[in-house]
Structures are given as C-alpha cells and as structure tokens.
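An overview of the molecular structure
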Amino acid sequence: MDNPAVTIDVRSEIGRLNAVLLHSPGAEVENMTPRNVQRALYSDILNLSIAQEEYSQLHNVLAKVARIYEVRTLLKKVLDSEKDRAELLQRICVGENATQYYEQLLEMPSFRLASILIEGLPAEINTLTSYLGNEYYALYPLYNFYFTRDSAVTIGNSVLVCRMANRVRMRESIIMEAIYRCSGLFSCGITDANDFHPAGSPVTMEGGDILVLRDDILLVGNGSRTSSQGIDFMIDRFRKSHPEGTFHVIVQQLPHSPESFIHLDMVFTMLDRDSCMIFEPLILNDTQYQTVDITISDGKVRAIRPVQNILRALKKLGMDLKPVICGGSDEWDQEREQWHSGANSFCIAPGQILTYARNVHTLEELDRNGFNIISASDVISGKEAIEGKCAVTIAGSELPRGGGGARCMTMPLSRKAVDW
C-alpha cells in the first residue's frame, strides 16, 4: 500500500482534510432486488455503472486534496493475517448465524474473501432448513457501505465504532473495527460500542448523527438511528476520557419519518468557521423536536437544559453561524432538495465544500452567500482550482437514491487544526 500510517486527528467538521477513508460502491449495490430493497434501507434500486461514474467524481476531487484510504484494500490487509482473519470471521459468522460457512471462508484467498464479506455470500440450499428459509444469501451484501460515515466516528485521536440501528449494517462496524485495530495503518484509541451491549439493547448510534464542531462541542442527532440510550453511552465514555475541562454535547431530536431525516447531517452541516447549511423548517422553525444542551465539566455531567435551537446554543458558546438555507426560500424546494441530500455537504477545508449538482436552489443560495460554484469535472481536469470559498458539485442522479450525500460518503481520518 502506498499510503503511510496516519494518526487519527479530527477536531472539527471544517479543518483542511489531510486523509479520508472511502469505499467505492461495487457489486454489492447490484446484488439487490425489489424484494430486499426495504431491507437494504434504500428508497430505490441503484444503477451501479452510473453510481460508480458519479462516485468517481467524489473520489477524484478528494484525491486532489487528501490521502485516500480504501476500505476494500484495508480489509484485504487485515485478512492477510491468519489470526486477524480467524477473529473477524468468527465474529461475523456467529453474529449472522452463518457458522457453517466459517471453514469455507477461512480457506479463501484474502482478495476473494474481502469481496465476499462486502458483496455477499450466496446460501447453500442443501438442508430442509435452508430450503424453507427462502434466503438467497448466507451473508447479505453491504449495500450501504459506500456511506462510510456511519459505521465509525473519528473524534479527536479516537475512533468510536458504532452500534448500528439495523442488523443489515452491523457487519460494516465489525469490519471497520478490524481495520482500525489490525491494519497497522492507524494510530488511535478505539471504543467499540458493540462490545458493551447484548443483542436487543436499545443503545444505537450512527456517524451521520455525530458532528465534531470544536474540541469542546459535539452536536448529536437523536432520531431513528441514534437512540437517547446511545447518546447516554457516548456521553458516559466521553466524560470518563475527559476528566478535566468543560465540554458541551448539543442534542437535536429528529423526526423518525420521512426517511430523509435519517441523520442529523441531512438537516445540518458546517460550511465554514461562520456558516452552516440547514433545513430551515426543522432547525429554525418552531417544532415539537427539542434541542438540549448537556454540559460536562471535570468528568461529570453538570447540567442538562433545553435551548431554543442549535444556532442559539452555539452562539452562546462562541460559534456565531450564519445559516444557508437548503432549497432556498421556497418551502416546496426546501423539501425536495432536503430529500436529495441538499443539506448534506462535506468540508474539505474552511469554506470549501462538496455537494450534489442536482440541488440547484441550494446552489443558488450558496452563490448568494459568496460561494463560487464549480463542477467536479472542471476540478478533475484542472480547468478550475479549489481556492477561496467554493462549492464543488458532483453528479447525483443515482447516489442519492441510497439516502445520503457527500458527508455520508466520507470518513475523515485527519484534519488540520482550525484557527478559530
């Protein structure tokens, strides 16, 4: 592997990106039918070839500004170790009731096994039980894995391996834990939420709900994927690892439907030191969904209190953010573009973001707020440079069908410190 080892260091959403973890969508996306689309958590079936073309724009723009680490390559590296391979397979096969395939998987070449663990393992229909089970796969494809944001979270010099809300995604977290722990490329502390809770536990969290705004501020969504118990778990671990100083965890409740509100980063993302992208009806308007500020000081929870909204809470903490409205001023456009991840932007540096080209009203709003709109193809060809305040647009006809945008598809590993 050409990439050197990296020390995990993520202390903001906007610091200049040094290194990022990606997973390019592959055959796992095509291993889906209308019968299992709901299980896959998608709203529709993707056209893989078009999705790959769109994803290549994201990949190639990021390659201009940061070191890229690929999940599939790192997984193969883990599997090259007999000990790590055996441990990972045992955990997967036991967790997914596929122990009868353990020996078969153990003997596979690493490259083939890495593909199977991502793309799925067809079931052997050789018993009455397997026949009556009517399941095509023994290990289901990881349809959602190109959303690398969700399965683990980088906070400071540590990684939180998430306990995913849906069983179909649990293997993503297990693979990510093995990559961080066993690949030999990452220096970081690791907390695996899956180690602490049995099956059926209400403790769940996903990376799309967790935003590192500053060294002393976490912003967390409480909705269908991240439970209040999951947030309590994170706070407990956080306070124990930070015995000194004062920190804030700001929690935003989210609707459980429609599915476009799946994570907090679908309604709020950072753009710059002094601006953010929001879905106005939920973030600024009066709703039934609470915003709560939790203060941690010297390792103890000192206060839990309601606040009017995220922006008011952040202003009191010295982050005075100007909101840029996803979809512009029209409510219909806001709903349409939020559905297609218009609020889900990803900072590659302060004031420099990646976002979908399809959300034209959101782009117009960014333009009115001083962002130069440039296409990914122009950046990749060298016709345009990423400089000043800018929004780099990637094609998005197929990728949004999976339910996410640029932030969902990126897991930052290292960012430059921000001069606040």
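Everything below is about the structure printed above this text.
The present account deals with the structure reproduced in this document. By convention here, each chain's residues receive numbers from 1 onward along its written sequence. At least 70 in pLDDT is required for a residue's local features to be given in this predicted model, at least 80 for side-chain atom pairs to be given and counted, and no such filter applies to totals for whole chains, interfaces and linings, which use all residues. As a convention, hydrogens and water are excluded, and side-chain values are obtained from all of the structure's heavy atoms.

What the protein chain contains, in helices and strands, is 14 helices and 22 strands. By principal-axis analysis of the C-alpha atoms, the protein chain measures approximately 60 × 50 × 40 Å. By residue count, 57% of the 420 residues in the protein chain fall in the buried class. Pairs of residues are marked as contacts when any of their non-hydrogen atoms sit within 4.5 Å. When contacts within the protein chain are restricted to residue pairs at least 6 apart in sequence, long-range pairs at least 24 apart make up 73% of them. Within this scheme the basic residues Lys and Arg register as positive and the acidic residues Asp and Glu register as negative, but His and the chain ends are omitted. The location of each charge is read from NZ of Lys, CZ of Arg, CG of Asp or CD of Glu. Where the 41 positive side-chain charges of the protein chain centre and where its 53 negative ones centre are 4 Å apart. Only DSSP runs of H or I covering at least 4 residues are called helices, and only runs of E covering at least 2 are called strands; the numbering of each starts at the N terminus. Accessible area is worked out with a 1.4 Å probe on protein chains only. A residue is then buried under 20% of its type maximum, exposed over 50%, and partly exposed in between.

With that settled, the discussion passes to the environment of Arg214. With respect to the helices and strands, the residue Arg214 is situated in strand E10 (residues 210–214). When the C-alpha positions of Arg214 and Ile155 are compared, they lie 10.0 Å apart, and in sequence the two are 59 residues distant. Once residues within four sequence positions are removed from consideration, Arg214 is found in contact with Arg11, Leu317, Gly318, Met319 and Trp420.

To continue, consider the sheet that holds strand E17 (residues 322–325). Paired strands are those between which DSSP finds at least two bridges. Taken together, three strands build an open sheet; the order of strands is E13-E14-E17 and the sheet is mixed. Of all the strands in the sheet, the pair left with one neighbour each is strand E13 (268–272) and E17. The sheet shows a mean angle of 35° between the axes of neighbouring strands, direction not considered. The sheet contact formed by strand E14 (residues 275–278) and E17 spans four bridges and is parallel. The residue bridging Cys276 from the neighbouring strand is Pro323, located in E17. Axes here mean lines fitted to C-alpha atoms, for a helix over just the part in contact, with angles spanning 0 to 180 degrees between N-to-C directions. The sheet strands contacting helix H13 (residues 360–368) are E13, E14 and E17, and the helix crosses E17 at an angle near 145°.

So, on to unusual backbone geometry. Backbone geometry follows two general trends: most residues other than glycine have a negative phi, and most peptide bonds adopt the trans configuration. Following Ser257, the chain continues to Pro258 via a peptide bond in cis, the omega torsion being 0°. Mapped onto the secondary structure, Pro258 falls in the loop between strand E12 (246–253) and E13. Phi is positive for Asn97, which is not a glycine, with a value near 55°. Structurally, Asn97 can be placed in the loop between helix H4 (82–95) and helix H5 (102–106). On the accessibility criterion, Asn97 (64% relative accessible area) is exposed. One non-glycine residue with positive phi stands out, namely Asp298, at about 50°. With respect to the helices, strands and loops of the structure, Asp298 is situated in the loop between strand E15 (291–297) and strand E16 (300–307).

Stacked, edge-to-face and tilted labels apply to pairs of Phe, Tyr and Trp rings (six-membered ring for Trp) whose centres lie within 6.5 Å, assigned for plane angles under 30 degrees, over 60, and everything in between, in that order. Across all of its chains, the model carries seven aromatic pairs by this definition. Their ring planes at 40° and their centres at 4.2 Å tell us that Tyr146 and Phe147 sit as a pair that is tilted. Across the pair, exposure class does not vary: Tyr146 and Phe147 are buried alike. An angle of 55° between the planes, with centres 5.2 Å apart, marks the rings of Tyr180 and Phe186 as tilted. As far as burial versus exposure is concerned, Tyr180 and Phe186 are alike and both buried. Taken together, Tyr69, Tyr180 and Phe186 form an aromatic cluster joined through their ring pairs.

Taken across its five residues, strand E21 (residues 390–394) has five buried, putting it largely inside the fold. Burial of the side chains of E21 extends over both faces: Cys390, Val392 and Ile394 are buried on one face and Ala391 and Thr393 on the other. Two elements, strand E19 (residues 352–356) and E21, share five bridges in a ladder whose sense is parallel. Of the residues in E21, the one forming a bridge with Ile353 is Ala391. Look down the strands so they point away from you; if the path from the first strand over the helix to the second goes clockwise, the crossover is right-handed. Regarding the hand of the β-α-β motif, the stretch spanning strand E20 (residues 372–375), helix H14 (residues 376–381) and E21 is right-handed.

We now examine the nonpolar core. Counting residues in each nonpolar core, the largest one holds 42 residues, and the members touching the most others are Leu105, Leu117, Tyr180 and Phe186. Those residues within four positions of Leu117 in sequence are excluded, and the remaining contacts are Leu75, Leu79, Leu88, Leu89, Ile92, Leu139, Leu142, Arg171 and Ile175. Counting 38 residues, the second-largest nonpolar core is a separate cluster that includes Leu211, Met277, Leu282 and Leu314. For this analysis, a nonpolar core means a set of buried residues of the types Ala, Val, Leu, Ile, Met, Phe, Trp, Tyr and Cys, connected via side-chain atoms within 4.5 Å.

Keep in mind these values describe shape, not function.
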